[in-house]
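Chain residues, written in single-letter form:
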Amino acid sequence: MRTFVYPMTPSSNNLVPLGRTRIAAISFAVALFVWLLYAWPLALHLHEAIPSSAHNIEIGQMREMIPGDHLQLLYHFWLLSDMLRGETPFFYNLYEFNAGDDLARYYPSPYFVPFSLVYSLFSLAGNRALAWNLAGFVSIWVTLAFTWRLARRFVNDEAAALCASLISVTFTFRWVKLLGGSPAGYAMALVPLVLIGMHSAIRNRSLAGGIVVGVGLMFTLWTDILTFYFLFLYLPVWCLICAVVSESWIWRDLRTWLRAIPPLLPVPVFVGFALALRRHFERQLEGRLLETGRELREVAGYSPHWSGLFQWEKLGVDNHIFIGFVVAFLLGCGAFAVLLPGRFCLEKRRARWVLLLLLASVAGTIVLALGTQGPWEGLALRAARRLIPRYTLLRLPARIFVLMPSLLAVTVATLLAALRARLLRAFFRNGALLIAALGLVAEGRLQIEATLCVLREEQAAYKAVAESARREGLPPRAVVVPLWPGDADLAANYLHFASLYRIRLVNGYSPVVSSNYLQNVFRPLESINQGALDEAQIGQLLDWGISHVLVHEDMFPEKVSPFPVQMTLHRFLTHPRLRLDRQEETVWSFRIEQEPAPARSFDGPAPLYLPTRYFEAEHMPVRQGEVIADATAGRGAFVRLSEPDDALVTPPRRVALDPTLAWFLRVRGQGRLHVTGILDDEPFASDPIDVDSQEWSWLAWPLDLPAFGPGSIELRWEQGVVDIDAVYIGSLSWETPREGETIEWPANGFFHAGHSEHLSGSVFLIPRRDPDGEVFYARVPPLPPGDYEARLLSRGGADTNQSIGIWRAVSSAGTWEVPVLGGEQTTLLSVRQEQELPMRLAFRYAREAEVELMGVQFTRLATTGTASRQRMEEDNEETADGSHE
């Protein structure tokens, strides 16, 4: 029987160790190859773009100024570099959450050191994009080098250690975090360094190892707190593994234990310093949004399914835990090699203990990463939330995978070395490594398709703010619309543009938001999103030194306002205290005047009140009544109120004061409702409404909010039987088109991406900037049954046979769509309506050419008979074949 001595200790090493220079050179070359391959086509755009995602969602894999965490982290990297250049005072984050007091922006954060220092170094020789991209490469290089040396401490096979270390730079989770701009993508480079230091401190009794652990943990904490959290929790298990590896792993006397303590003394010193600095920073927040833990049902929504461990398809959060078949195959082959019969020795028994602990670590990490999808309905997660401090703050269970690349690399290296030791011929030994390396790189690459965000280095509207302020000798200050509560990634775009000209913004973006900001800045100014800016708010802005209001027209989702951005822009353009300073594409700059200006006329199209606040009765959160299925209802069901306790309450929505707005109720039956207006959970008005109709009909009740705030209505049964289908907020000025009448709507009255021209009302979509998909849409108020025609007026693309998008409608009778071709076109879409319900119109942009959307012509046809429906179908067929009016 062949004797197998497991190669774990230096005494069995028969290889010439590589020098540091060769290790650095080999790891650099391998890391460069992997980085170029996985981040492709980044190598072609190093000076103009940065990664924004590991899973591509863009045509051509790139687009200008994609919002997200990558821009936020870039801002903080830039902020440190600006401090080092002397342009910004140290520890002052002046350009976000700044309400006029620069001293209040003292922000003693470590600013993601050490990788922000790497960025700062490269920024001396290049622009922001190049510095960011090179910093990302350095993190990959450092990861590979450290993981290689970590694996080498467990095996005497340099080639096996290098091959296994490829896991650390081909692991899907690592690229998801790095390309997505998460600090964890950088912090994961420090995990193998800390594990190396702990191994050295325990096995070799090295004080330098303890210092490495302390410094590594400190930098990890400063880069990403969750990576530090999981690494710190795992260190006791790693200490046990290191003790087993040690030649004196069976410690039998107190003296041996005491000798192990001095090398670890630097660890609490560095960790204590890092925690003290971080807690000093957290005290500046004066109360945070995340002081309470996450509810288990919220965590369940982010828990990946176990199939994501091996599935190649795009599964969203499930892909984050991808390990792959190659790693599983290597683990299986290596385990088979270890379990083959052979003569046992202490060394091999020790190796088996190490393997058992490593495999247990890997398995435990997977089980916790599955969250509520884990065995026994997430028993491990539930236990961790109960027993481990602060674990309830975790929303993404898969974040524990920050440990997995290092753990898998050491485990696979150990098993690969065992497998190679079983192979007698060098051809098979080297061939096994080559196949393993190619498999790891290829399978990992199939999971990654980088999206690139092209950075803009100029923005004229922001530049106008800076130039105006500096002419007056003042630091530039502004507030940006939409104004978010501080945790929206769209605000990262604001920060990028503000940093170009060092503009102090009221806005900001942070996962942890100060309650002071929410209560004293965001809530008092929130109505600015809807164009409502009174004298008190103007006075507050001027007291803060704010001279301008900036509007990002293309970042205006329904969550911000019940009506499209045209409403907000119209109110600003006619506001006596605001003057349009500059518009460059999607960004508008308005200067705040010290005194009211004379009334200004507006020559552009009037704003449209096309509603978005639409609620189905059966889905309202507060509901007491019988839900009944009905094909004539909006979503196939309604709520019947027929008992004394039956009632509905709409979700609260903030709406700017407007006397033309009202609640519209779709009801039928015979009875009476008691309607109560609610603002901030307090009733402010109450009226009875009589219902007497066997068919669905719409009734209006004035919105009439006494102040800006979360408004809703309660519909309570009073007598009879009343069916309620839906409720929406709309305008009393809306008039249903008469038969044969055509209404013309300007394009900027729709929700839209791109930028608009306020005099003509046109909307312009540009492929380099705007996403594909439904980037132009609106909900038309309820329309009576009948036949309609919606014509989209567009201009774009030189090829009249090229499809530049899809013009579609969703009515109560179904979905209707036709292609929009290039050139100047009027695209006809014939639509049938069967119930008096809202109709959704939308343009799906193909992002193949620049497009100008000039408006929509909407016609209610005079006839509704069979001949009309047949003509409608023929018109749609002709239009689909490329025939446009």
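The numbers attached to residues start from 1 for each chain and follow its sequence in the written order. This being a predicted model, a pLDDT of at least 70 is required before a residue's local features are given, and a value of 80 or more before pairs of side-chain atoms are given or counted; all residues contribute to the totals for chains, interfaces and linings. Hydrogens and water are ignored here; the side-chain numbers use all heavy atoms of the structure.

Bringing the sheet that holds strand β2 (residues 62-64) into the picture now. DSSP calls a pair of strands paired once it identifies at least 2 bridges connecting them. The way it works is that DSSP assigns letters per residue, a run of H or I at least four long becomes a helix, a run of E at least two long becomes a strand, and they are numbered from the N terminus. Reading across the sheet, the 3 strands line up as β1-β3-β2 and stay open at both edges, with mixed pairing between neighbours. The sheet terminates laterally at β1 (49-53) and β2, the two strands that pair on one side only. Along the sheet, successive strands turn relative to each other by an average axial angle of 35°, direction set aside. Orientation is described by axes fitted as lines to C-alpha atoms, over the contacting stretch for helices, and by angles from 0 to 180 degrees between their N-to-C directions.

Turning our eyes to something else, we now look at helix α18 (residues 426-446). An α-helical turn contains 3.6 residues, so a residue and the one three or four places further along point in the same direction. Helix length check: α18 (21 residues) gives 30 Å between terminal C-alpha atoms against 30 Å at 1.5 Å per residue, within 8%. Only protein chains enter the area calculation, which uses a 1.4 Å probe; residues under 20% of their type maximum are buried, those over 50% are exposed, and those in between are partly exposed. Of the positions making up α18, those classed as buried are Leu433, Ala436, Ala437, Gly439, Leu440, Val441, Glu443 and Gly444. In a helix, the anticipated span is given by 1.5 Å times the number of residues less one.

A few words now on unusual backbone geometry. Note that the residue after Trp40, namely Pro41, is joined by a cis bond; omega there is 10°. Secondary-structure assignment places Pro41 in the loop between α1 (20-38) and β1. Here Val481 and Pro482 are connected by a cis peptide whose omega angle stands at 5°. Residue Gln61 is not a glycine yet carries a positive backbone phi of 65°. Along the chain, Gln61 turns up in the loop between β1 and β2. Taking the relative accessible area as the measure of exposure, Gln61 reaches 17% and is therefore buried. With a phi close to 65°, Phe91 is a non-glycine residue in the positive phi region. With respect to the element layout, Phe91 can be found in the loop between α2 (69-84) and α3 (115-123). Judged by its relative accessible area of 36%, Phe91 is partly exposed.

With that settled, the discussion passes to the sheet that holds strand β8 (residues 587-592). In spatial order, the strands read β5-β4-β6-β8-β7; together these 5 strands make up an open sheet with mixed pairing. Because the sheet does not close on itself, it has two edges, and the strands there are β5 (504-505) and β7 (578-584). Note that strand β4 (residues 477-481) and β5 share 2 bridges and pair parallel. Each bridged residue has a counterpart across the sheet, and for Arg477 the counterpart in β5 is Arg504. The contact criterion used is simple: two residues touch if any of their non-hydrogen atoms lie within 4.5 Å. In the packing of helix α23 (residues 565-573) onto the sheet, contacts are made with β4, β6 (548-552), β7 and β8, and the angle to β8 comes to roughly 30°.

Contact geometry of α1 with α18 gives a least axis separation of 10 Å together with a crossing angle of 25°. On the basis of their axis angle, the class for α1 and α18 is roughly parallel. Considering how the two elements wind past one another, α1 and α18 form a crossing that is right-handed. Together, Phe33, Leu37 and Tyr38 of α1 and Leu440, Val441, Gly444 and Arg445 of α18 make up the contact between the two elements. Throughout, the ten residues Ala, Val, Leu, Ile, Met, Phe, Trp, Tyr, Cys and Pro are labelled nonpolar, Asp, Glu, Lys and Arg are labelled charged, and all others, Gly among them, are labelled polar. Residues that form the contact of α1 with α18 fall into these classes: 5 nonpolar, 1 polar and 1 charged. The cut-offs work like this: below 35 degrees is roughly parallel, past 145 is roughly antiparallel, 65 to 115 is roughly perpendicular, and the gaps in between are oblique. Crossings are classed by handedness, with left-handed meaning an anticlockwise turn of the near helix from the far one by less than a right angle and right-handed meaning a clockwise turn.

Moving on, we come to the confidence of the model for the protein chain. As a per-residue measure, pLDDT reflects the predictor's confidence and takes values from 0 up to 100. The pLDDT averaged across the protein chain works out to 87; a share of 88% of its residues lies at or above 70. Note on residues 1-16: pLDDT is under 50 here. Beyond four places in sequence and across chains, it has 49 contacts. Within the model, the stretch residues 284-290 combines pLDDT values under 50 with 19 contacts to residues more than four positions away or in other chains.

Once that is clear, we can look at the environment of Leu42. Positionally, Leu42 belongs in the loop between α1 and β1. With relative accessibility at 2%, the residue Leu42 sits in the buried group. Each C-alpha atom of the pair Leu42 and Thr451 lies 8.8 Å from the other, and the pair is 409 residues apart in sequence. Setting aside its immediate chain neighbours within four residues, Leu42 contacts Trp35, Ala49, Ile50, Pro51, Asn133 and Leu452.

Attention now moves to the pattern of salt bridges. We define a salt bridge as a side-chain nitrogen of Lys or Arg found within 4 Å of a carboxyl oxygen belonging to Asp or Glu. The full count for this structure, using the stated rule, is 37 salt bridges. Two residues, Glu535 and Arg577, come together in a salt bridge whose shortest N-O distance is 2.5 Å. Of this pair, Glu535 sits in helix α22 (residues 535-543) while Arg577 sits in the loop between α23 and β7; the two residues are 42 residues apart in sequence, bridging distant segments of the chain. Since its relative accessible area comes to 45%, Glu535 is described here as partly exposed.

With that settled, the discussion passes to the environment of Gly60. Considering the arrangement of structural elements, one finds Gly60 in the loop between β1 and β2. For Gly60, a relative accessible area of 56% gives the class exposed. Between the alpha carbons of Gly60 and Arg768 there is a distance of 9.8 Å; along the sequence they are 708 residues apart.

With that settled, consider the nonpolar core. Residues belong to a common nonpolar core when they are buried Ala, Val, Leu, Ile, Met, Phe, Trp, Tyr or Cys residues joined through side-chain atoms within 4.5 Å. Counting 186 residues, the largest nonpolar core has Trp238, Phe401 and Tyr462 as its most contacted members. With 12 residues, the single largest contributor to this core is helix α4 (residues 128-152). Membership of the second largest hydrophobic core comes to 34 residues, among which are Ile743, Ala753, Val780 and Ala809.

What follows deals with the packing of aromatic side chains. Paired rings are identified among Phe, Tyr and Trp, the last through its six-membered ring, by centres lying within 6.5 Å, and are further divided according to the angle between planes into stacked (under 30 degrees), edge-to-face (over 60) and tilted (the rest). The full count for this structure, using the stated rule, is 43 aromatic pairs. Aromatic pair Phe77 and Phe112: ring centres 6.3 Å apart, planes at 55°, arrangement tilted. Taken together, the positions of Phe77 in helix α2 and Phe112 in the loop between α2 and α3 put the pair 35 residues apart, joining distant regions of the chain. For Phe77, a relative accessible area of 1% puts it in the buried group. According to the relative accessible area criterion, Phe112 is buried, its value standing at 18%. By the ring-pair criterion, three or more aromatic residues cluster together here, those being Phe77, Phe112, Phe115, Tyr119, Trp132 and Tyr186. The rule for a charge over a ring is simple: NZ of Lys or CZ of Arg within 6 Å of the ring centre, and within 35 degrees of the ring normal. For the cation-ring pair, Arg149 lies above Trp148, with the distance from its terminal atom to the ring centre recorded as 5.2 Å. One residue, Arg668, lies across the ring of Phe638, its end atom 4.9 Å from the ring centre.

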